[in-house]
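# Summary of the model geometry
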Amino acid sequence: GVCTDRQQNVIVAGNMSGMTTKCFVVKYDKDGKELWRMEEIGDTAVSQSRAVIADKEGNIYLAGDCRHQPILGTTKVGKPGAFTIFLAKLSPAGKVLWVRQSSPSAEYGNEAQSVALGPDGSVFMLCEDNGTTAFGKTDVVSRGGADICLVRYAANGDLVSERSYGGRGTDKACSLFVGENGNML
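All residue numbers refer to positions counted from 1 along the written sequence of the respective chain. With the structure being a predicted model, the display of local features is reserved for residues of pLDDT at least 70 and the display and counting of side-chain atom pairs for 80 or more, all residues being used for whole-chain, interface and lining totals. In computing side-chain values, all of the structure's heavy atoms are included and hydrogens and water are not.

### A look at the overall build of the protein
Defined as follows: Under the scheme used here, helices are H or I runs from DSSP no shorter than 4 residues and strands are E runs no shorter than 2 residues, and both carry numbers assigned from the N terminus. Taken over C-alpha atoms, the radius of gyration is set against a globule rule of 2.2 Å times the number of residues to the power 0.38. Whether a residue is buried, partly exposed or exposed follows from its accessible area with a 1.4 Å probe, protein chains only, as a fraction of its type maximum: under 20%, in between, or over 50%, in that order. Here, residues are in contact when the closest pair of their heavy atoms is within 4.5 Å.
Helix and strand content of the protein: zero helices and 16 strands. Rg of the C-alpha trace for the protein: 16 Å, near the compact-globule value of 16 Å for 185 residues, within the 12% margin. Considering the protein as a whole, with its 185 residues, one finds that 50% of them fall into the buried category. For the protein, the share of sequence-separated contacts (at least 6 apart) that also reach a separation of at least 24 residues comes to 44%.

Structural data, given as structure tokens:
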């Protein structure tokens, strides 16, 4: 994913492939000079950056998913052999402030899809759920094939809500937008 902040810096989130796939975030100034780079750490981890957005203070939110245990900043994400969806908040300087993650799942295909900001500073993450996943104390269970899962966090990382949408077949949403009035599209 790619986004800009209020200072016209460009933030790029992507994946490096080799023996494993690892996620990264790079911030460039408006002239293309690299300001900083954050790379996931881990030799056996497989992680994917799926979406990135910057808030009005310049903090960066990275949505992704992983298998095994990558390290973002100093936080181990996931569990060996399990699939985990994550949301990380980075400071404008690239320091990982917090990481929130789903319960590890044996189901293949649990993926982050999109991230959006609400007018109150809350963070929405759109996900694909293929089985049972939990971001808090409540399991989100798909009703058939893949279902859509919407998770909302406060700016400080506290879980506000998590909901699943879908029917017996496969349901998928790839993008999310939250307007100034808080309505979602």
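### Considering the pairing of strand β3 (residues 21-28)
This is how the line gets drawn: In short, DSSP must find at least two bridges between two strands for them to pair.
Within β3, seven of the eight residues are buried, which leaves the element mostly enclosed by the surrounding structure. Looking at chain direction, strand β2 (residues 10-17) and β3 are connected through eight bridges and run antiparallel. Within β3, the position partnered with Ser17 by the bridge is Thr21. Pairing analysis gives five bridges linking β3 to strand β4 (residues 34-39), with the strands arranged antiparallel. Note on β4: the bridge partner recorded for Val25 is Met38. Hairpin connection of β3 to β4: five residues between the antiparallel strands, including Gly32 at a positive phi of 90°.

### Quick notes on the sheet that holds strand β1 (residues 2-4)
The test is simple: Here the axes come from fitting lines to C-alpha atoms, over the contacting stretch only for helices, and the angles between their N-to-C directions go from 0 to 180 degrees.
Sheet architecture is open: four strands sit in the order β1-β2-β3-β4, paired in antiparallel fashion. The strands lining the two open edges of the sheet, one partner per strand, are β1 and β4. Going from strand to strand, the sheet's axes swing by 20° on average, the running direction of each strand aside.

### Points about the side chain of Ser91
Mapped onto the elements of the fold, Ser91 is located in the loop between β9 (83-90) and β10 (96-101). Setting aside chain neighbours within four positions, we find Ser91 in contact with Trp36, Gly58, Asn59, Ile60 and Leu97.

### A few points about the packing of aromatic side chains
Test applied: In this scheme Phe, Tyr and Trp rings, the latter by its six-membered ring, pair at centre separations within 6.5 Å, and the angle between planes marks the pair as stacked below 30 degrees, edge-to-face above 60, and tilted otherwise.
Using the criterion set out here, one finds two aromatic pairs in the structure. Judged by centre distance (6.2 Å) and plane angle (55°), the rings of Tyr61 and Trp98 are tilted. A residue pair is termed long-range when its members are at least 10 positions apart, and Tyr61 in strand β6 (residues 60-67) and Trp98 in strand β10 qualify at 37 residues. Here Tyr61 and Trp98 have matching classes, each one buried. For the pair Trp98 and Tyr153, a centre-to-centre distance of 6.3 Å together with 45° between the ring planes defines the contact as tilted. Of this pair, Trp98 sits in strand β10 while Tyr153 sits in strand β15 (residues 147-153), placing them 55 residues apart in sequence. Like Tyr153, Trp98 is buried. An aromatic cluster is built from Tyr61, Trp98 and Tyr153, whose rings are joined through pairwise contacts.

### Digging into the pairing of β2
Where β1 and β2 come together, three bridges link them in antiparallel fashion. For Thr4, the partnering residue across the bridge sits in β2 and is Val10.

### Observations regarding unusual backbone geometry
Here Gln8, not a glycine, exhibits a phi torsion of approximately 70°, which is positive. Within the secondary structure layout, Gln8 lies in the loop between β1 and β2.

### Concerning the pattern of salt bridges
Counted only if it meets this: Salt bridges are counted wherever a side-chain nitrogen of Lys or Arg sits within 4 Å of a carboxyl oxygen of Asp or Glu.
By the definition in use, this model includes six salt bridges. Across the pair Glu39 and Arg37 runs a salt bridge whose closest N-O atoms are separated by 3.6 Å. You can call Glu39 partly exposed: its relative accessible area is 35%. Judged by its relative accessible area of 39%, Arg37 is partly exposed. Across the pair Arg152 and Asp120 runs a salt bridge whose closest N-O atoms are separated by 2.8 Å. Note that Arg152 is positioned in strand β15 and Asp120 in the loop between β11 (111-117) and β12 (123-129), a separation of 32 residues in sequence. Residue Arg152 is classed as partly exposed on the basis of its relative accessible area of 24%. The network of salt bridges with shared partners includes Glu34, Arg37 and Glu39.

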